[in-house]
Structure formats: structure tokens, C-alpha cells
Amino acid sequence: LTFADCVGMVRRSTPVGFTYTVGTLILRLDVIILTMFVSMAAVGQFAAANIIVSTTYVITRLFGSVLLPEIVELVTAGKSEALQNYLRKWRRVILWMTVPASAVFFFAAPPLLRTLYGTSFAEAGRLAAVMFLATPLVFLNSLSISRAIACQAHSFYVSVHVGTLLVAILMNLVFGRIYG
């Protein structure tokens, strides 16, 4: 492994690293911005609910990284039909697994968070229930990002994440002002 090889790897991996960094910022941005509008107690309620969602995001990133080698192999081999079948299969699996799980968690979140954190965090359970409904979309996003990385569509996935960051900042500020 030469120095030039290392520089090449860093150059090729920078868009992916930047994208995951922006994704992490998006995930915590709501808590950061919320501190400007509400009491620390309210931020604590939100953060308690958000920790479940944060864990889900980590799981989806790991899920995408497990699928990535197979997707890369199909892309580099030029097997576009096999790639589409592979992605279609995983979209079905994701939806069959996460939609029912999200529905169950929607009803289980309030008592679960009350049990974990105590009755003073009852509001956190209701927040987590609503937040968890996005789980199927988060898993599908992970699958899409893995495909974009495999296809080396750097400008696509970087611009999607930067755009999402900008929308998240705006939405957090607006909703923080309205509901904070």
C-alpha cells in the first residue's frame, strides 16, 4: 500500500464520510435548536424520545453497510437487472418487517418510556411513538444511500443530505418558534 493509494482512498471516501457526518448532525440538530426555545425539562422529554429514534438510525446505517458489498458487486459487474431485483427484494423485506414493528411500537412506546424513565417522562413516550412511525422510511433511505454509494453518485447523496440539513434547520427553527 503506497502513499498515493492512501490519498486515493481518502479522496474517494470523503463524500461518504461527509454525508454520514451531515446525517449525524441532522439527527441531533433538533435537540440543539430546541434548547433555544424551550426549557431544559422540555428538551429532556424530547431527548428521551429521540434516543430511541437515534438508535434506529444507527441500526439502519449498519444495515446499509451490510448490504453495500453485495450492491457494489452487482453494480461493478454491470448486472442492472439483478441489482434491481436485489433492491426490490430488500424493499419488500424492509416494509414487511418495519411497518408492523412501527405500528406495534406506536402503541408500546408510551408505557415503555414511562417504565424506562418514570412517570415524569410520560410525554416522551407519545413523542417517541410518533417519531418511530418514520422507521420504514429511514430503512428505505439507508438502502437508497447504499445504492447511490455503490453507483458512485457522490453529488446525488451529498446534495440530498445537505438539502435535508438545510430543511431540517429551517423546520426546527420554525416549529421551535411556533410550538416551543
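Residues numbered from 1 in each chain as written. Predicted model: local features only at pLDDT ≥ 70, side-chain atom pairs only at ≥ 80, totals over all residues. Heavy atoms only, no water.

### Overview of the overall build of the protein
Along the backbone of the protein there are 6 helices and 0 strands. A principal-axis box enclosing the C-alpha atoms of the protein has dimensions of 55 × 35 × 30 Å. Across the 180 residues in the protein, those meeting the buried criterion constitute 36%. In the protein, 75% of the contacts between residues at least 6 apart in sequence involve partners at least 24 apart. In the form shown here, the protein has an accessible surface area of approximately 10600 Å², with 71% of it arising from carbon and sulfur atoms. Looking at charge distribution, the protein has the averaged site of its 13 positive side-chain charges lying 6 Å from that of its 6 negative ones. (Helix = DSSP H or I, 4+ residues; strand = E, 2+ residues; numbered from the N terminus. Buried < 20%, exposed > 50% of the residue type's maximum accessible area, 1.4 Å probe, protein only. Contact = heavy atoms within 4.5 Å. Areas by Shrake-Rupley, 256 points an atom, 1.4 Å probe, with all protein chains shown as cover. Lys, Arg positive; Asp, Glu negative; His and termini not counted. Charge placed at Lys NZ, Arg CZ, Asp CG, Glu CD.)

### Topic: the pattern of salt bridges
Scanning the entire structure with this criterion turns up 1 salt bridge. The shortest N-O distance in the salt bridge between R126 and E123 comes to 2.7 Å. Here the residue R126 and the residue E123 both occupy positions in helix α4 (residues 122-132), the gap between them amounting to 3 residues, near one helical turn. (Salt bridge = Lys/Arg side-chain N within 4 Å of Asp/Glu carboxyl O.)

### Points about the side chain of T56
Note that T56 resides in helix α2 (residues 40-76). For T56, the residues in contact, after removing those within four places along its chain, are F132, T135 and F139.

### Observations regarding the confidence of the model for the protein
Predicted confidence across the protein gives a mean pLDDT of 89, with 99% of residues reaching 70 or more. When pLDDT is averaged over each helix and strand of the protein, the minimum, 85, is found for helix α6 (residues 154-179) and the maximum, 95, for helix α3 (residues 80-117). (pLDDT = per-residue confidence, 0-100.)

### Concerning the nonpolar core
In this structure, F105 and A128 are the most contacted members of the largest nonpolar core, which totals 17 residues. Elements supplying a minimum of two residues to this core: α1 (3-34), α2, α3 and α4. Among the elements that make up this core, the one with the highest residue count is α2 (6 residues). Among the nonpolar cores identified, the runner-up in size contains 12 residues, and F63, L67, L74 and F139 belong to it. (Core = buried A, V, L, I, M, F, W, Y, C linked by side-chain atoms within 4.5 Å.)

### What to know about the packing of aromatic side chains
Enumeration over the complete set of coordinates arrives at 6 aromatic pairs. Judged by centre distance (5.4 Å) and plane angle (70 degrees), the rings of F63 and F139 are edge-to-face. Remark: F139 occurs in helix α5 (residues 135-150) and F63 occurs in helix α2; sequence separation between them is 76 residues. Ring centres 4.2 Å apart and planes at 45 degrees place the aromatic pair F105 and F132 in the tilted group. Of this pair, F105 sits in helix α3 while F132 sits in helix α4, and the two are 27 residues apart along the sequence. In this structure F105 comes out as buried when scored by relative accessible area, which is 13%. Chaining the aromatic ring pairs together yields one cluster made of F63, Y86, W90 and F139. (Phe/Tyr/Trp six-rings, centres within 6.5 Å; stacked < 30°, edge-to-face > 60°.)

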